[in-house]
Amino acid sequence: MPGYGWMFPAGDGTVNIGVGALSTMKGFKKLNLNTLLDQYASLVRESWTLGEYIEKPRAWRLPMSCMKRSGPGWVAIGDSAGFVNPMNGEGIDYALESGMLAVNCFLDNPETAPQEYDRQVGERFDDFLRTGRRFSLIIGHPWLLKPGLRIAVGTQSAADITLAVMGNLIDSSTPGVAGKVMRLADNVLRVADPVLRRTRAKA
Ligand SMILES: Cc1cc2nc3c(=O)[nH]c(=O)nc-3n(C[C@H](O)[C@H](O)[C@H](O)COP(=O)(O)OP(=O)(O)OC[C@H]3O[C@@H](n4cnc5c(N)ncnc54)[C@H](O)[C@@H]3O)c2cc1C
């Protein structure tokens, strides 16, 4: 299943525990996240001496794209602009970065800020997020997810590159093996994109 479980100790003897899944996976609409959460909790219950839930589980969506992120006098940042990394669901960094860019653009010139902001976030995030969305289509197919994972984390060097790619720490212009892998992945994913969309896992 493309997704992950997490657990954060809250510091007062309680934990924040949860699960998330990519909507590109086969049968997503039939997936019961409450059941998945129970299963995940049962895996870690003993080692973490977990008790019962103290709150009812809640659900949220992570937006990974948006239709429009700027207009006359306004810009959208963070989640409202769809800046969530499809490879790992992270959005805090992108929210902070896009917020800082927005502030600087408006301080520099409020007239041109929306266009300038759009250009700057496009330069910083668009290629990476597009690759990430294609990646999320791939891992939505179990027959691609399993062999793909074996390659991506099969050795320490491969895992290091995977981590750097997932964290937006390298791009196709990065020198060395990491940049080459990114360029290759970009090209393969671009070519595979129409096929992946057509065979996109249906509910
Ligand atoms: C369960 C879960 C786990 C996550 N884990 C991670 C993680 O480990 N790492 C990571 O990087 N990201 C994680 N994310 C994603 C991350 O939380 C978001 O991408 C990030 O918080 C987006 O920041 P934001 O400022 O754009 O939006 P938000 O943090 O959602 O902030 C928007 C704020 O606006 C307020 N608001 C909404 N409407 C109005 C209104 N009309 N008037 C005034 N205020 C309003 C909201 O109350 C909220 O406080 C996770 C998300 C979820 C749901």
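Just so it is clear, the structure is predicted and the values come from calculations on it, not from any experiment.

What counts as what
- Note on numbering: residues in each chain are counted from 1, in written sequence order.
- For a predicted model such as this one, the threshold for reporting local features is a pLDDT of at least 70, and the threshold for listing and counting side-chain atom pairs is 80 or more; totals across whole chains, interfaces and linings nevertheless cover every residue.
- Values shown for side chains rest on all heavy atoms present in the structure; no hydrogens or waters enter the calculation.
- The way it works is that DSSP assigns letters per residue, a run of H or I at least four long becomes a helix, a run of E at least two long becomes a strand, and they are numbered from the N terminus.
- To sort residues, take the accessible area from a 1.4 Å probe on protein chains only and compare it with the maximum for the residue type: under 20% means buried, over 50% means exposed, and anything in between is partly exposed.
- Working rule for contacts: check all heavy atoms of both residues, and any pair within 4.5 Å makes them a contact.
- Computed with the Shrake-Rupley method and a 1.4 Å probe, the accessible areas treat only the protein chains shown as cover for residues.
- Charge counting treats Lys and Arg as positive and Asp and Glu as negative, with His and both chain ends excluded.
- Positions of charges follow a simple convention, taking NZ of Lys, CZ of Arg, CG of Asp or CD of Glu.
- At least two DSSP bridges between two strands are needed for those strands to be called paired.
- For this description, a residue counts as near a given molecule or strand if any of its non-hydrogen atoms is within 4 Å of it.
- Polar contacts, as used here, are pairs of N or O atoms within 3.5 Å; protein pairs need one atom able to donate a hydrogen and one able to accept it. Residues neighboring in sequence count only if both atoms are side-chain atoms.
- Ten residue types, Ala, Val, Leu, Ile, Met, Phe, Trp, Tyr, Cys and Pro, are classed as nonpolar, four, Asp, Glu, Lys and Arg, as charged, and the remainder, Gly among them, as polar.
- The split into domains, and so the bounds of each, comes from an automatic or database assignment of domains.
- Criterion for a salt bridge: a side-chain nitrogen of Lys or Arg within 4 Å of a carboxyl oxygen of Asp or Glu.
- Between rings of Phe, Tyr and Trp, where Trp is taken as its six-membered ring, a pair exists when centres lie within 6.5 Å; planes separated by under 30 degrees are stacked, by over 60 edge-to-face, and by other angles tilted.
- Fitted lines through C-alpha atoms serve as axes, helices being fitted only where they are in contact, and the angles separating the N-to-C directions of these axes extend from 0 to 180 degrees.
- By definition in this entry, angles of less than 35 degrees are roughly parallel, angles greater than 145 are roughly antiparallel, angles of 65 to 115 are roughly perpendicular, and the rest are oblique.
- The hand of a helix crossing depends on one turn: near helix anticlockwise from the far one by less than a right angle means left-handed, and clockwise means right-handed.
- Definition used in this section: a nonpolar core is a set of buried Ala, Val, Leu, Ile, Met, Phe, Trp, Tyr and Cys residues joined via side-chain atoms within 4.5 Å.

Things to note about the overall build of the protein chain
Okay, step 1: Tallying secondary structure elements over the protein chain gives 6 helices and 4 strands in all.
Okay, step 2: Taken over the C-alpha atoms alone, the protein chain extends approximately 55 × 40 × 35 Å along its principal axes.
Okay, step 3: When the 203 residues of the protein chain are sorted by exposure, 34% land in the buried category.
Okay, step 4: Here the analysis covers contacts within the protein chain between residues at least 6 apart in sequence; of these, 51% occur between residues at least 24 apart.
Okay, step 5: Of the accessible surface of the protein chain, which amounts to about 13400 Å², a share of 59% is contributed by carbon and sulfur atoms.
Okay, step 6: The distance from the centre of the 23 positive side-chain charges to the centre of the 20 negative ones in the protein chain is 12 Å.

Observations concerning the pairing of strand 1 (residues 3–9)
Okay, step 1: Note: strand 1 against strand 2 (residues 15–21), 7 bridges, orientation antiparallel. When the bridges of strand 2 are listed, phenylalanine 8 appears paired with asparagine 16.
Okay, step 2: Counting the residues that bridge the hairpin from strand 1 to strand 2 gives 5 residues, and of these glycine 11 lies at a positive phi of roughly 95°.

Considering the site of the ligand
Okay, step 1: Taken together, the neighbourhood of the ligand is formed by Trp6, Trp60, Leu62, Gly78, Asp79, Val84, Gly89, Glu90, Gly91, Ile92 and Ala95.
Okay, step 2: Within the backbone of glycine 91, a nitrogen or oxygen atom sits 3.0 Å from a nitrogen atom of the ligand.
Okay, step 3: Isoleucine 92 has a polar backbone atom sitting 3.0 Å from an oxygen atom of the ligand.
Okay, step 4: Contact with the protein chains covers 40% of the free accessible surface of the ligand, which is 1000 Å².
Okay, step 5: Counted by class, the shell around the ligand contains 6 nonpolar, 3 polar and 2 charged residues.

A short note on the domain arrangement of the protein chain
Okay, step 1: In terms of domains, the protein chain is made up of domain 1 (3–44) and domain 2 (70–198).
Okay, step 2: The straight-line distance from the C-alpha centre of domain 1 to that of domain 2 is 24 Å.
Okay, step 3: Taken residue by residue, the interface counts 5 residues in domain 1 and 7 residues in domain 2.
Okay, step 4: Scanning the region where domain 1 abuts domain 2 turns up 0 salt bridges.
Okay, step 5: Here the residues of the side of domain 1 that touches domain 2 are counted per class, giving 3 nonpolar, 1 polar and 1 charged.

With respect to the packing of aromatic side chains
Okay, step 1: Scanning the entire structure with this criterion turns up 4 aromatic pairs.
Okay, step 2: Judged by centre distance (6.2 Å) and plane angle (65°), the ring pair of tyrosine 4 and tryptophan 6 falls under edge-to-face.
Okay, step 3: In this structure an aromatic cluster arises from ring pairing among Phe83, Tyr94, Phe125 and Phe128.

Focus: the environment of lysine 26
Okay, step 1: Locating lysine 26 in the fold gives a position in the loop between strand 2 and helix 1 (33–44).
Okay, step 2: A relative accessible area of 59% places lysine 26 in the exposed class.

Overview of the side chain of threonine 162
Okay, step 1: Mapping threonine 162 onto the fold places it in helix 5 (residues 156–166).
Okay, step 2: Judged by its relative accessible area of 18%, threonine 162 falls in the buried class.

A look at the packing of helix 2 (residues 92–108) against helix 3 (residues 113–139)
Okay, step 1: Where helix 2 meets helix 3, the closest approach of the two axes is 8 Å, and the angle between their N-to-C directions is 150°. As judged from the angle between their axes, helix 2 and helix 3 are roughly antiparallel. Here helix 2 and helix 3 pass one another in a crossing that is right-handed. Where helix 2 abuts helix 3, its residues Tyr94, Glu97, Ser98, Leu101, Ala102, Cys105 and Phe106 lie against Ala113, Pro114, Glu116, Tyr117, Gln120, Val121, Arg124, Phe125 and Phe128.
Okay, step 2: Taken together, the residues that form the contact of helix 2 with helix 3 break down as 11 nonpolar, 2 polar and 3 charged.

Focus on unusual backbone geometry
Okay, step 1: For threonine 49, which is not glycine, the phi torsion reads 40° and is therefore positive.
Okay, step 2: In this structure, threonine 49 sits in the loop between helix 1 and strand 3 (70–71).

Focus on the nonpolar core
Okay, step 1: Counting residues in each nonpolar core, the largest one holds 21 residues, and the members touching the most others are Phe83, Tyr117, Val121, Phe125, Val165 and Ile170.
Okay, step 2: Listing elements by their share of this core, those giving two or more residues are helix 2, helix 3, helix 5 and helix 6 (177–198).
Okay, step 3: In terms of residues, this core owes the most to one element, helix 3, which gives 6 residues.
Okay, step 4: Those residues in contact with isoleucine 170, other than ones at most four positions away along the chain, are Ile161, Ala164, Val165, Ala178 and Met182.
Okay, step 5: Residues Met7, Leu36, Leu37 and Tyr40 belong to the second largest nonpolar core, which totals 9 residues.

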